[in-house]
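Now for the letters of each chain:
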Amino acid sequence: MAKKNSVSENNLVIVESPAKAKTIEKFLGKDFLVKSSYGHIRDLAKKDFGVDIANNYTPHYVVSDDKKEVVKELKKLAKDATMVWLASDEDREGEAIAWHLYDELGLTPENTKRIVFHEITKSAILNAVDNPRDIDINLVNAQQARRVLDRLVGFELSPVLWKKVKPSLSAGRVQSVTVRLIVEREREIFAFSPESSFRVTAIFTITDEDGKVSEIKAELSKRFDTQEQTEAFLNKCKGVDFKVSDVTKKPLKKTPAAPFTTSTLQQEASRKLGFSVAQTMSVAQKLYEAGKITYMRTDSVNLSDTALKMASDQITSVMGEEYLKIRKYQTKSKGAQEAHEAIRPTELNKPTVAGSQQEQKLYELIWKRTIASQMSDAQLEKTTVQIKANGITEHFTVSGEVIKFDGFLKVYLQASENEGDSDEEEDSGLLPPMKVGDALSYDIIEARERWSQKPPRYSEAALVKKLEDLGIGRPSTYAPTISTVQNRGYVVKEEREGVQRDYQYLALKGNAVIAEQKSEITGAERNKLFPTDIGMVVNDFLMKYFTNIVSYDFTAKVEAEFDEIAMGKIVWNESIDEFYQSFHQQVEDTLENSERNTGERQLGDDPKTGKPVLVKIGRYGPMAQLGESSEDEEVEKPKFASLQKGQHIETITLEEAIRLFDLPRDLGLYEDKKVVVGIGRFGPYVRHDGKFVSLKKGIDDPLEIELSRAIELIKEKRKADKEKHIKSFDEDPEILVLNGRFGPYISYQKKNYKIPKDTDPKKLSLEDCQKLIKEGGKKTGRKAPAKKVAAKGATAPKTTAKKPATKKTAAKKVVAKKSTKK
């Protein structure tokens, strides 16, 4: 090792990420060498679950392949160091990283210190160095218990799904419950039957004493069930005089929301910035590692006294004393112990920071929320006016709000939690002066047919809120859980276009009532979560045979037990044993006694052939089947067709399924060769001359596309292929110089190799390509160290990691068996 890398004063600091290391190094100076472990260095071995079930569920950890070089370097540096400072994050995941480093690097209590901080600022780092502590083995055990339990559930449950539903499926404890939430909401929507009614609004004009005419929009206090009732009401309104029958004013107060926790930041960033949950956490981690915000995995809403003082100074200096109201919020979420403070800027006198556009937007959101939480209430006045006419029992109502003192609204307005469509009118704002008895005349009275709203599908933000309300998961688990269910193909997040809907419209203008049919687009979905057919079938199977695993109460109970383990109140392997014994028997019984479940649904018989038509999950996903399967070779084999996007096993009709068997369709000839359209494993396609062209999503329907459009797609594909190909060599046809999304590259034996920016790809010779392939192979011979897997939760760290004890050891003692070195 070069002299440059030796430890100046024998102080080695180890953190999880290079970005964090870079920031901390600035504060500690030349007496400290700061290195990164690039996240976890070890994980459970794949063999035998990585858990010794017969020996009190002792985990068997191995160094990940991509971390062997990292560990090798850290071992050498640790050997030369007098003191090693473990500075991973202050949550359970960070504590586990510290313990694994302690164990794998062969550290001792005498040469190891554990330091923790919830913000990366100079004062926080130096304070942590002055106040080291031991590794908190209870936090390690809480993380260990989660990892072991999830491994046991996943490794035992997944093979059941392979045999009973479909190969290559997988199941997880928290993920399965998440899928259940989304499936149940989808079925609520399937079963929903909208009811129509007629909503009546009116535009009134009122003239004040100075002759000024004002216009107001009011809504009728009731809705009518039928068009006849609505028309009768409008006829009653012809030529009548409307008057103000009541005016009420009442003060309103709006209070700011608490500072951000992990879940509320994810929700607000989704609603206000359009960020996904994973995107929010990624950007927040960058802000934290750069020292701009406090730790981003927390369920605490508390602010430190230092933060309160900074907020007070900022508010009074910029906005004045009347805008200041110091608040100390109390955390209400279940099992809240992930960190000591809410997410906030480290310096509240900085409303903005440098960085990417995403970082700037998220930082500004956090800054505004933090400052607003310590500001005065907003004072408003709400005015409600009733408008009636003689001989008409119904009345119109209009409301308006006026801000008397803006308070925290000067800085921040929380986004609405409403996820569904709504046709409710918002308050009208400032109303003209009105008093009882004032006369009004109507300009127009309109009635539109409206429908009751179906339950809204979950957005990522709404799903996080639901999981938190149920006590399922913790700050560290929301983002990976939502990503996992999508990656496994059980849930998709997408936009879906609305459909055209006709509605009845009536209006009274003057003394004439008109009635006509109008149309509108309704039901459009943006970034909502939809269960796939396979997700629904897997959910049904688990609900039938593993009710406890997908139980909301069970999952919340497990999370509560992890919290108890983190506090040293429960011995972790005893908790695992209590669950595993009955679960393992459940798995054995299901394998032996359950039937195969493919979600099969009989739709009826094909009118032409009389053969049965059914839909089910097949090897490549949801499909329709025409005819019955038989082992008799003389019986005609059934036909199969993949379901199209937007079609579901539970809702597809017989007619829709029969149409699928029109595919593949022969469209005609192009260049004396057949053009065929069909649906394959990867979606709808056009086939011509042995080559396949994908149809455009949302534009081309395989059942409707014509030859002219197919030829257009074939030509587009040829042009793209031609532009992609730069060069090839007869001597070695496997070497191709191609144009890609990120620029030119070399393709060889299914691997890609970079071409230097200053090299003209068109001038490359075969020898040049071979040299670049050889050099690229050396560079990519091992994977680059991965960035830290998002550390989960938040807590405080330890230095003297004792050898974990067996199940009979008292809970306050160490309970995580020291790993066996391979």
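Enquirer: Give me the lowdown on the overall build of the protein, citing residues and values where you can.
Expert: When helices and strands are tallied, the protein shows 19 helices and 30 strands. Over its C-alpha atoms, taken along the principal directions, the protein stretches across nearly 95 × 85 × 65 Å. Within the span of the protein, comprising 822 residues, buried residues form 49% of the whole. Across the protein, every contact between residues at least 6 apart in sequence was considered, and the portion connecting residues at least 24 apart equals 72%. Per element, the accessible surface of the protein, about 41,300 Å² overall, is 48% carbon and sulfur. The centroid of the 135 positive side-chain charges in the protein is displaced by 6 Å from the centroid of its 127 negative side-chain charges.

Enquirer: Which residues make up the sheet that holds strand S8 (residues 112–114), and what are the values?
Expert: Ordered in space as S2-S1-S7-S8, the four strands form an open sheet in which the pairing is parallel. With partners counted over all chains shown, the strands left at the sheet margins are strand S2 (32–36) and S8, one partner each. Ignoring strand direction, the axes of neighbouring strands in this sheet form an average angle of 25°. For strand S7 (residues 83–86) and S8, the ladder comprises three bridges, and the chain directions are parallel. Bridging from a neighbouring strand, Val84 pairs with Thr112 of S8.

Enquirer: Can you tell me about the pairing of strand S20 (residues 612–618), naming the residues and giving the values?
Expert: The buried count for S20 comes to seven of seven residues, which makes it a mostly enclosed element. As judged from the four bridges shared by strand S19 (residues 601–605) and S20, these two strands associate in the antiparallel manner. Bridge pairing in S20 links Gln602 to Leu614. As consecutive antiparallel partners, S19 and S20 are separated by six residues, and within that stretch Gly610 has a phi angle of approximately 75°, a positive value. Of the pairings in the sheet, the one linking S20 to strand S21 (residues 621–626) comprises six bridges and is antiparallel in character.

Enquirer: Describe in detail unusual backbone geometry, supporting the description with residues and values.
Expert: In this structure, the amide linkage connecting Leu663 to the following residue, Pro664, adopts the cis form with an omega of -5°. Notably, Ser168 is not glycine yet its phi reads approximately 70°, a positive angle. Mapping Ser168 onto the fold places it in the loop between helix H5 (137–164) and helix H6 (173–191). Its relative accessible area of 70% is what places Ser168 among the exposed residues. Phi is positive for Asp689, close to 55°, though the residue is something other than glycine.

Enquirer: Please give an account of the pattern of salt bridges that cites residues and values.
Expert: Within the structure shown, the criterion is met by 55 salt bridges. Of the charged contacts, one joins Asp540 and Arg187 as a salt bridge, the two residues approaching to 2.8 Å between their closest N and O atoms. You can see Asp540 sitting in helix H14 (residues 533–545) and its partner Arg187 sitting in helix H6, a full 353 residues away along the chain. Each of Glu186, Lys454, Arg457, Glu525 and Lys528 takes part in salt bridges that share partners, so that together they form one network.

Enquirer: Describe the nonpolar core, naming the residues involved and giving the relevant values.
Expert: Residues Leu86, Phe117, Leu161, Ile293, Leu362, Ile371 and Phe546 are the most contacted members of the largest nonpolar core, which totals 145 residues. Among the elements that make up this core, the one with the highest residue count is H5 (12 residues). Leaving out residues up to four positions away in the same chain, Ile293 has contacts with Ala284, Leu287, Tyr288, Ile343, Arg344, Pro345, Thr346, Tyr363 and Ile366. Among the nonpolar cores identified, the runner-up in size contains 28 residues, and Ile387, Met434, Ala447 and Leu506 belong to it.

Enquirer: Give a detailed account of the sheet that holds S20, specifying residues and quantitative values.
Expert: Spatial strand order, S19-S20-S21-S22: four strands in an open sheet with antiparallel pairing. Unpaired on one side and paired on the other, S19 and strand S22 (639–642) mark the two borders of the sheet. The average undirected angle you get between the axes of adjacent strands in this sheet is 25°.

Enquirer: Outline the environment of Met281, supporting the account with residue identities and numerical values.
Expert: Within the fold, Met281 resides in helix H9 (residues 277–289). Using a relative accessible area of 7% as the deciding quantity, one classes Met281 as buried. For the pair Met281 and Ser476, spaced 195 residues apart in sequence, the C-alpha to C-alpha distance is 9.5 Å. What Met281 contacts, discounting residues up to four positions off in sequence, is Thr262, Gln266, Met296, Arg297 and Ala479.

Enquirer: How would you explain a negative patch on the surface if you had to name every residue and give the values?
Expert: A cluster of acidic side chains, namely Asp730, Glu731, Glu767 and Asp768, defines a negative patch on the protein surface. The residue Asp768 is located in helix H19 (residues 766–779) in this model.

Enquirer: Could you give an account of helix H4 (residues 122–130), naming the residues involved and the relevant values?
Expert: For H4, the full list of buried residues reads Ala124, Ile125, Ala128 and Val129. What you see down the axis of H4 is that its buried residues fit within an arc of 135°, all on one side. Among the exposed residues of H4, those oriented more than 90 degrees off its buried face are Ser123 and Asp130. For H4, the elements touching its buried residues are helix H1 (18–28) and S7.

Enquirer: Describe the packing of helix H8 (residues 262–273) against H9, with residues and values.
Expert: Contact pair H8 / H9: the axes reach a minimum separation of 9 Å and the direction vectors enclose 115°. When the axes of H8 and H9 are compared, the pair comes out roughly perpendicular. When you trace H8 past H9, the crossing you get is right-handed. Mapping the contact onto sequence places Thr262, Leu265, Gln266 and Ala269 in H8 and Val277, Thr280, Met281 and Ala284 in H9. Within the contact of H8 with H9, the residues separate by chemical class into five nonpolar, three polar and no charged.

Enquirer: Describe helix H3 (residues 92–104), naming the residues involved and giving the relevant values.
Expert: Taking 1.5 Å as the rise per residue, H3 with 13 residues should run 18 Å; its terminal C-alpha atoms sit 18 Å apart, in good agreement. Counting buried positions along H3 yields 13 of 13 residues, so the element is predominantly enclosed. Looking one or two places after H3, you find Gly106, whose phi comes out positive at around 65°.

Enquirer: Mind laying out the environment of Lys697, listing which residues take part and the relevant values?
Expert: The topology assignment puts Lys697 in the loop between strand S26 (691–694) and helix H18 (707–724). Between the C-alpha atoms of Lys697 and Lys645, which are 52 residues apart in sequence, the distance is 9.1 Å.

Enquirer: An account of the packing of aromatic side chains is needed here, citing residue identities and associated values.
Expert: If you walk through the whole model with that rule in mind, you get 17 aromatic pairs. Ring geometry for Phe204 and Phe396: centres 5.3 Å apart, planes at 80°, overall edge-to-face. With a gap of 192 residues between them, Phe204 in strand S9 (residues 196–207) and Phe396 in strand S13 (residues 396–405) connect regions that are remote in the sequence. Accessibility expressed as a relative area gives 0% for Phe204, which makes it buried.

Rules of the game
- Residues numbered from 1 in each chain as written.
- Predicted model: local features only at pLDDT ≥ 70, side-chain atom pairs only at ≥ 80, totals over all residues.
- Heavy atoms only, no water.
- Helix = DSSP H or I, 4+ residues; strand = E, 2+ residues; numbered from the N terminus.
- Buried < 20%, exposed > 50% of the residue type's maximum accessible area, 1.4 Å probe, protein only.
- Contact = heavy atoms within 4.5 Å.
- Areas by Shrake-Rupley, 256 points an atom, 1.4 Å probe, with all protein chains shown as cover.
- Lys, Arg positive; Asp, Glu negative; His and termini not counted.
- Charge placed at Lys NZ, Arg CZ, Asp CG, Glu CD.
- Pairing = 2+ DSSP bridges.
- Axes fitted to C-alpha atoms, helices over the stretch in contact; angles between N-to-C directions.
- Salt bridge = Lys/Arg side-chain N within 4 Å of Asp/Glu carboxyl O.
- Core = buried A, V, L, I, M, F, W, Y, C linked by side-chain atoms within 4.5 Å.
- Patch = residues over 30% accessible without salt bridge, like charges linked within 9 Å, V, L, I, M, F, W, Y side chains within 5 Å.
- Arc of directions from axis to C-beta.
- Parallel < 35°, antiparallel > 145°, perpendicular 65-115°, else oblique.
- Left-handed = near helix turned anticlockwise from the far one by under 90°.
- Nonpolar A, V, L, I, M, F, W, Y, C, P; charged D, E, K, R; others polar.
- Expected span 1.5 Å × (residues − 1).
- Phe/Tyr/Trp six-rings, centres within 6.5 Å; stacked < 30°, edge-to-face > 60°.

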